[in-house]
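So you can see what is in the structure, the chains are spelled out below.
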Amino acid sequence: MAVAAPEPLVAKPSALKRFTKKLFRAVANRDPEYYDMYLDQRESRFAELYLRPLQQHLKEAGVLPPARILDAGCQTGRLLVPLAKDGYSVTGIDRSLFALRRAKAHLRNAGARAKLTRGDIGSVLSKPGDGYDAVICAEVLYLCEDYRLLLAKLASAVKPGGLLCVSHRPQAYYLVEALRKGDMDAAAYVLSNREGAFRGHSYFNWQTEEQLRALYEELGLSLLAVYPIDRFAWLAGLDIGAFDQGTCQEWLRREIDTPLEGGLCARYSFAIAARDR
Ligand SMILES: C[S@@+](CC[C@H](N)C(=O)[O-])C[C@H]1O[C@@H](n2cnc3c(N)ncnc32)[C@H](O)[C@@H]1O
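Here the structure is a predicted model, which means the values were calculated and not measured.

> Give me the overall build of the protein chain: which residues, what numbers.
Regarding its fold elements, the protein chain presents eleven helices and nine strands. By its C-alpha atoms, the protein chain is 75 × 50 × 45 Å across when sized along the principal axes. Out of the 277 residues belonging to the protein chain, those deemed buried represent 36%.

> Could you give an account of the environment of Leu 150, with specific residues and numbers?
Its place among the elements puts Leu 150 in helix H6 (residues 147–156). Ignoring sequence-local partners within four residues, the contact set of Leu 150 consists of Ile 121, Gly 122, Leu 141 and Cys 144.

> Please give an account of the pairing of strand S1 (residues 68–72) that cites residues and values.
Along S1, five of the five residues are buried, which leaves the element largely enclosed by surrounding structure. Covered by surrounding structure in S1 are Arg 68, Leu 70 and Ala 72 together with Ile 69 and Asp 71, the residues of both alternating faces. Where S1 meets strand S2 (residues 89–94), five bridges bridge the pair, whose relative direction is parallel. Residue Asp 71 lies in a different strand from S2, and its bridge partner there is Gly 92. On the question of chirality, the crossover connecting S1 to the parallel S2 by way of helix H3 (residues 80–85) is right-handed. Pairing between S1 and strand S4 (residues 132–137): three bridges, direction parallel.

> I'd like a rundown of the packing of helix H7 (residues 171–180) against helix H8 (residues 184–192), residues and numbers included.
Where H7 meets H8, the axes come as close as 8 Å, and the angle between the chain directions of the two elements is 170°. Taken together, the axes of H7 and H8 are roughly antiparallel relative to one another. Contact with H7, carried on its side by Gln 171, Tyr 174, Leu 175, Ala 178 and Leu 179, involves Ala 186, Ala 187, Val 190 and Leu 191 of H8 and no other residues of that element. Taken together, the residues of the contact of H7 with H8 sort by class into eight nonpolar, one polar and no charged.

> Residues and numbers for the sheet that holds strand S8 (residues 221–229), please.
Taken in spatial order, the seven strands of this open sheet run S3-S2-S1-S4-S5-S9-S8, and their pairing is mixed. At either margin of the open sheet sits one strand with a lone partner, and together these are strand S3 (115–118) and S8. Looking at each pair of strands side by side, their axes are set apart by 15° on average, direction ignored. Each of S4, strand S5 (158–168), S8 and strand S9 (268–275) touches helix H2 (residues 41–60); the most contacted strand, S8, lies at about 150° to it. Across the sheet, H6 lies against S1, S4, S5 and S8, angled at about 145° from S5, the strand it touches most.

> Any chance you could break down unusual backbone geometry for me, citing the residues and the numbers?
Omega for the bond connecting Pro 65 with Pro 66 falls within 30 degrees of zero, at 10°, which places this linkage in the cis form. A positive phi angle, near 50°, is found at Arg 199, a position not held by glycine. Within the secondary structure, Arg 199 is located in the loop between strand S6 (195–197) and strand S7 (203–205).

> Could you give an account of the domain arrangement of the protein chain, with specific residues and numbers?
When cut into domains, the protein chain gives domain 1 (38–170 + 207–275) and domain 2 (171–205). On a C-alpha basis, the centres of domain 1 and domain 2 stand 24 Å from each other. Listed per partner, the contact involves 14 residues of domain 1 and ten residues of domain 2. A class-by-class count of the residues in the side of domain 1 that touches domain 2 yields seven nonpolar, four polar and three charged.

> Describe the packing of H2 against helix H11 (residues 245–257), naming the residues involved and giving the relevant values.
Contact geometry of H2 with H11 gives a least axis separation of 11 Å together with a crossing angle of 40°. Handedness of the crossing formed by H2 with H11: right-handed. Contacts between H2 and H11 involve Arg 45, Glu 48, Leu 49 and Arg 52 from the former and Cys 248, Leu 252, Glu 255 and Ile 256 from the latter.

What counts and how
Residues numbered from 1 in each chain as written. Predicted model: local features only at pLDDT ≥ 70, side-chain atom pairs only at ≥ 80, totals over all residues. Helix = DSSP H or I, 4+ residues; strand = E, 2+ residues; numbered from the N terminus. Buried ≥ 20, exposed ≤ 12 C-beta atoms within 10 Å, placed from the backbone. Contact = placed C-beta atoms within 7 Å. Pairing = 2+ DSSP bridges. Right-handed = clockwise from strand over helix to strand, strands pointing away. Axes fitted to C-alpha atoms, helices over the stretch in contact; angles between N-to-C directions. Parallel < 35°, antiparallel > 145°, perpendicular 65-115°, else oblique. Nonpolar A, V, L, I, M, F, W, Y, C, P; charged D, E, K, R; others polar. Domains from an automatic or database assignment. Left-handed = near helix turned anticlockwise from the far one by under 90°.

See below:
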């Protein structure tokens, strides 16, 4: 009977790389390959497109500091840190421990505090809680097959009179992306569906404003407004990270002030919905 040769006692490069990465993350709280959205200049500029309407709606709804805000899928705190700095009692949930450790460091550097919980949004929100004055979930649900379930959990965590603020992908986003690639089949698929695999990649979902309204109404919430997140830079293929301060202010002003005509055509749509008192 043939005896199998023993495995050489040399770590495979991928295992070694994984180990080094883990060690570096644990010891130095760093990973050069990790996309830290709080530190990335483009992402922190895009964050303004969320924060400005959000702060306005919180004020109008009377949700003032130190009201309780949940940031579901907070990553490293691109939205969580500014809200904590505003004086809100913020809780962040993320399933990535590394993201939360980075968020903790960014909070500390900003002189702010927040409660950080590691776990799946659905599981954490299944446990009974006091509810939140506002629940935010940005750039998470469009990748989740169970987005309806997650949205229902997020909605149930909003107190009466509170706000649910969630970003989605507009249908026009995938339509433009399909047409840019000359993929007519994908374009037709996007127009006749609202979820599924896009061009063979992972699962996505996309909605028009009317579909969002229906989605939120089913959950007992009224859709107050939908804001486009990144229209001009995305469509024109501009790198906002390369903008100087003046150009950046001008870009922000145009993104925010240009009326929303011709439907939602942007990288994300940011829905703000309210639960009745
Ligand atoms: C693209 S980042 C968005 C970060 C942040 N919301 C922002 O806008 O800056 C998505 C984050 O959601 C987290 N995430 C995705 N699905 C999740 C789930 N079901 N439960 C908890 N965290 C989740 C990921 O770990 C990741 O950190």
